[in-house]
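Here is what each chain is made of, one letter per residue.
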Amino acid sequence: MATSTDPNLDPSTDPSIDPNLESHLTLPVLPVSSGVVFPEMVVTIRAETDDARRTLEHAKAGSELVIVPRRDGIYARVGTLARIEQAGQLPDGSLAAVVRGVARVRIGQGVVGDTAALWVQVDRLPADETTPAITELAATYREIARELLDTVGGRQLTGLLNDVRSPGALADTIGWWPNLEFEQKVELLETVDVEARLRTAIDWARDALAEANVTATIARDVNEGFEKNQREVILRRQLDAIRKELGEGSDNAIDDYRSRLAELDVSDAVRAAVTKEIDRFERVGEQSMESSWIRTWLDTIFELPWNSRTDDNYDLPHARTVLDADHTGLDEVKDRIIEFLAVRKLRAERNVDTGSHRRAGTILVLVGPPGVGKTSLGESVARALGRKFVRTALGGIHDEAEIRGHRRTYVGARPGRIVRALIDAGSMNPVVLLDEIDKLGADWRGDPTSALLEVLDPAQNHTFRDHYLELELDLSSVVFIATANTLDRMPAPLLDRMELITISGYSEDEKLAIARDHLVPRIYERNGVQPDEVVLSDEVMRAVISGYTREAGVRRLEQRLDRLVRKAATTIANGAAPPVTVHVDEIRDALGRPVTEDKPIERITTPGIATGLAVTGAGGDVLFVEAAAMPGKSGLTLTGQLGEVMRESGEIALSYLRAHAAALGIDDTAMDRRFHVHFPAGGIPKDGPSAGITMTTALASYLTQRRVRPDVAMTGEITLHGRVLPIGGVKEKVLAAHRAGLRTVILPSANEPDADDIPEDVRSQLTLHFVDDIGKVLELALES
């Protein structure tokens, strides 16, 4: 048993046991797990376990044993010395015994007895002492216990209570209370000190009396209405009884709801629906399960800012000033936002935002890689208009109910994110930014993108209905601005309702201007330093941009500059006199090694490798394409986690080379092999119609053994007859090539107008070739 191996149960190490006490006994153990036997208690115990059965098999009338509570294999530290009054078998054949509790004993070491039962050494605890404090506590407990018995209808047991004279035995009578947990009874048994045991008994008796009084009061109030035999009346009386005990009025909540409804300026349909729910709430009463659902619904209704709107500021020069102050560059994006605000101004002034003219509204979606300022642009629009701003993150949502709300029949139902955005904004005409709209998912719970169709359609959102509210909400005055990294995963019907504003990545000069005008002042404020205390020169910032950031946005740049300022702030906090100037040669110590990237001049060392350009969710990127061939059955193997479009481009590239082998100077026998085209970084999914000429160039380089020029990057799709087709994302791809140190870029001829989007400082450092045939690509890309 557990006590035989636990040194804490050794009487020789327990200071509460007198070492000179001579009442040492060695007795068999009868473990119990469903009740506790106290001294002076007579009970019948049935053998429920093998240990108990072995003990009762050798039990004889008049013999003694130790009854020890046990739970989960752990024995109590204190047991009850008991005398067997009678032992035998029950009608069902199980063993049982009638035992009388004699005294508490302290459990000692387990020993080997003369039977198969568990034996243990115990020390009989001394008799209960009596002091004036104990006598007073016993009188207090006796009074509370009598009142408890009277309250629960056990007045006939009062006489038994009077027969108990010993204070310790009197405290043990609380162990008879049926509502006590097993652990509480064990705690009472292990409380050896009589005064502490009486205090515990008094506390538990008072708790039981308070519970019994409340139950009796409610039952008495309810019973007064039973003669009417109507369930509604019974529920009302229960509600009145509970509120009476809590000291609350019965109509406070209902009157409050009615007064709040009277103050709302809402449509007749909304007023009728809310009135109906208030009436239901009054009928069912708070005792019903429905009451909490109705109360939550009503609270949500009154949280909506029905009568709160902000006045729009359509001062377009002010809006342009706000946009210029918040963002460097992005002139085309700012122009489009100003146009958007100008149209809203004219529509508001000429009052055309009614009826069928609602369809003329526009929903903007800002598309670009992370860190280019999409979210902050939404905040700037709200500040320019003077509206409240609230951001709603949609990334990772799979449940349609997150947009439309959960129906009220579900447990834990609540309104959708659109309604919650209005509540958070505290206005019915805020600017709501739907962030990461391209990362919405779909599964068996529905398609959230389909639920957004009604929200983002100006012809429908004036009657948007949330499933939880079941009321029509007018969202036509809300300015919705969505953000996305890419548009590949967005359904066409949803995209059709929005106007795209593309935000490309930044060049190094633009990043430097953003860092100087926006990032560094914000970093100074965040770190508690003044601009004249920490000096970051343009040279330092440019070194960080070129050596430690490769992304299209400026988020990583802000993190790196923040680390430099923190290092300087630490120096000042340690007692250095400002200003602290950050030098270029200190950057490596603060930021570690610069970002390592594959450089085309190092990767393109042999024929069969070409440099391509692509657009990912993080902006433009440089891709390397490797081609090889080996003996075997003719065919093509493509690796690198490619999508279906890129696989088709690979097949087209190989077919074109087979058809034009002679013109390209390729031996026919060289084509009768197994070709393998690989895109490194296979953990990154790749797809899109812009790698056709890159794969063709890599294969042609391998077959002709002419190396691709390491300073050349290319992008474009190819047809089966060698025509180069236009692609998208020209600015992002060219900026990626520039960041990688490439200075020659081959683009489709149809994309020549897109070159105007490339920053002038970048374009002046590049040579752009616009081609319409793959032959021209090979002529420019392959070394002679």
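Residues numbered from 1 in each chain as written. Predicted model: local features only at pLDDT ≥ 70, side-chain atom pairs only at ≥ 80, totals over all residues. Heavy atoms only, no water.

Student: When you look at the pattern of salt bridges in this model, what are you seeing that I'm missing?
Tutor: Pairing between side chains becomes possible if they bear opposite charge and their charged atoms approach one another. On inspection of all chains with the given rule, the structure shows 42 salt bridges. A salt bridge links R383 to D326; its shortest N-O distance comes to 2.7 Å. Remark: D326 occurs in helix α11 (residues 316-326) and R383 occurs in helix α13 (residues 374-385); sequence separation between them is 57 residues. Given a relative accessible area of 26%, D326 falls into the partly exposed group. Between R404 and E454 there is a salt bridge, with its nearest N and O atoms 2.8 Å apart. With R404 in helix α14 (residues 401-404) and E454 in helix α16 (residues 448-456), the pair connects residues that are 50 residues apart, well separated along the chain. Counted as one network, the salt bridges with shared partners bring together R522, R526, E558, D562 and R566. (Salt bridge = Lys/Arg side-chain N within 4 Å of Asp/Glu carboxyl O. Helix = DSSP H or I, 4+ residues; strand = E, 2+ residues; numbered from the N terminus. Buried < 20%, exposed > 50% of the residue type's maximum accessible area, 1.4 Å probe, protein only.)

Student: When you look at the sheet that holds strand β9 (residues 389-393) in this model, what are you seeing that I'm missing?
Tutor: Backbone-to-backbone hydrogen bonds pair the strands of a sheet. The strands run either parallel or antiparallel. With parallel pairing, the five strands of this open sheet are ordered in space as β9-β10-β13-β8-β14. Two strands bound the open sheet, and with one partner strand each, they are β9 and β14 (498-502). This sheet shows a mean twist of 25° between the axes of neighbouring strands, independent of strand direction. Note: strand β8 (residues 363-367) against strand β13 (residues 479-484), four bridges, orientation parallel. Looking at β13, one finds that V367 is bridged to A484. Packed on one face of the sheet, helix α15 (residues 417-425) meets β9, β10 (431-435) and β13 and runs near 150° to β9. (Pairing = 2+ DSSP bridges. Axes fitted to C-alpha atoms, helices over the stretch in contact; angles between N-to-C directions. Contact = heavy atoms within 4.5 Å.)

Student: Explanation requested: the packing of aromatic side chains in the structure shown.
Tutor: If you walk through the whole model with that rule in mind, you get two aromatic pairs. Measuring from ring centre to ring centre gives 6.0 Å for Y257 and F281, while their planes differ by 75°; the resulting arrangement is edge-to-face. Residue Y257 is found in helix α8 (residues 252-263), and its partner F281 is found in helix α9 (residues 268-284); the two are separated by 24 residues along the sequence. Among the residues examined, Y257 registers a relative accessible area of 2% and is labelled buried. Measuring from centroid to centroid gives 5.7 Å for Y257 and F302, while their planes differ by 10°, and the two rings are stacked. In this pair, Y257 sits in helix α8 while F302 sits in helix α10 (residues 289-303), placing the two residues 45 residues apart along the sequence. (Phe/Tyr/Trp six-rings, centres within 6.5 Å; stacked < 30°, edge-to-face > 60°.)

Student: What is the right way to look at the side chain of T55 in this model?
Tutor: Examined against the element boundaries, T55 turns out to sit in helix α1 (residues 50-57). In this structure T55 comes out as buried when scored by relative accessible area, which is 4%. From its side chain, T55 meets the backbone oxygen of V29 in a polar contact 2.6 Å long. If sequence neighbours within four positions are ignored, T55 has contacts with P28, V29, L30, L65 and A117. (Polar contact = N/O pair within 3.5 Å; in protein donor to acceptor, adjacent residues only side chain to side chain.)

Student: Would you mind going over the side chain of T697 with me for this structure?
Tutor: Looking at the secondary structure, you find T697 in helix α24 (residues 692-704). Judged by its relative accessible area of 0%, T697 falls in the buried class. Those residues in contact with T697 that lie beyond four places of it in its chain are A610, V708, M714, V777, L778, A781 and L782.

Student: Explanation requested: the pairing of strand β1 (residues 24-32) in the structure shown.
Tutor: Residues in a regular strand project their side chains so that they alternate between the two faces of the sheet. One ladder, built from five bridges, connects β1 with strand β7 (residues 119-124); its direction is antiparallel. Residue pairing across strands places H24 opposite D123, the latter belonging to β7.

Student: What should I look at first to understand helix α12 (residues 331-349) in this one?
Tutor: Residues three or four positions apart in an α-helix share a direction because the helix packs 3.6 residues into each turn. Compared with the 27 Å implied by 1.5 Å per residue over 19 residues, the 27 Å span of α12 between its first and last C-alpha is a close match. All buried positions along α12 are accounted for by V333, K334, R336, I337, I338, F340, L341, R344 and R347. Each element contacted by the buried residues of α12 is listed here: α11, β8, α13, β13 and β14. A positive phi of about 55° marks N351, the residue just after α12. (Expected span 1.5 Å × (residues − 1).)

Student: Any chance you could explain the environment of L664 here in plain terms?
Tutor: For L664, the location among the structural elements is in the loop between α23 (644-659) and β20 (674-678). For L664, a relative accessible area of 28% gives the class partly exposed. Once you skip the residues sitting within four places of it in the chain, L664 turns out to touch L657, T704 and L778.

Student: When you look at the confidence of the model for the protein in this model, what are you seeing that I'm missing?
Tutor: As a general rule, the predicted coordinates of low-pLDDT regions are not to be interpreted in detail. On average, residues of the protein carry a pLDDT of 82, and 89% of them reach 70 or more. Every residue in residues 1-22 is under pLDDT 50, and counting partners more than four places away or in other chains gives 31 contacts. Across residues 356-360, confidence stays below pLDDT 50; counting only partners more than four residues off in sequence or on other chains, it has 11 contacts. (pLDDT = per-residue confidence, 0-100.)

Student: Quick question: what am I supposed to make of unusual backbone geometry here?
Tutor: Leaving glycine aside, a negative phi is the common case for residues, and trans is the common case for peptide bonds. Residue P579 is bonded to the preceding P578 through a cis peptide linkage, with omega at 5°. Unlike most non-glycine residues, E40 shows phi in positive territory, near 70°. For E40, the position within the fold is in the loop between β1 and β2 (42-46). By relative accessible area, which is 53% here, E40 ends up exposed. We note that E470 has phi near 55°; this positive angle belongs to a residue other than glycine. Tracing the chain through its elements places E470 in the loop between β11 (464-465) and β12 (472-473).

Student: Looking at this structure, how should I read a negative patch on the surface?
Tutor: Side chains of D488, E644, E648, E651 and D687 sit close together on the surface and give a patch of like negative charge. Inspection of the secondary structure assignment puts E644 in helix α23. (Patch = residues over 30% accessible without salt bridge, like charges linked within 9 Å, V, L, I, M, F, W, Y side chains within 5 Å. Areas by Shrake-Rupley, 256 points an atom, 1.4 Å probe, with all protein chains shown as cover. Lys, Arg positive; Asp, Glu negative; His and termini not counted. Charge placed at Lys NZ, Arg CZ, Asp CG, Glu CD.)

Student: Where do I start with the packing of α11 against α13 in this structure?
Tutor: The description of two helices packed together rests on the angle between their axes and the distance between the axes. At a minimum axis distance of 9 Å, the contact between α11 and α13 shows a crossing angle of 150°. Looking at the two axes, α11 sits roughly antiparallel to α13. Where α11 crosses over α13, the handedness of that crossing is right-handed. The residues of α13 that touch α11, namely those facing H318, A319, V322, L323 and D326, are L377, S380, R383 and A384. Here the residues of the contact of α11 with α13 are counted per class, giving five nonpolar, two polar and two charged. (Parallel < 35°, antiparallel > 145°, perpendicular 65-115°, else oblique. Left-handed = near helix turned anticlockwise from the far one by under 90°. Nonpolar A, V, L, I, M, F, W, Y, C, P; charged D, E, K, R; others polar.)

Student: Sorry if this is basic, but what is going on with the packing of α24 against helix α27 (residues 774-781) here?
Tutor: Direction vectors running N to C along α24 and α27 enclose 55°, while the axes themselves pass 10 Å from each other. Compared by their axis directions, α24 and α27 come out oblique. The two elements α24 and α27 meet at a crossing, and its hand is right-handed. Seen from α24, the contacting residues are I693, T696, T697 and A700; seen from α27, they are I774, V777, L778 and A781. A breakdown of the residues in the contact of α24 with α27 according to their chemical character gives six nonpolar, two polar and no charged.

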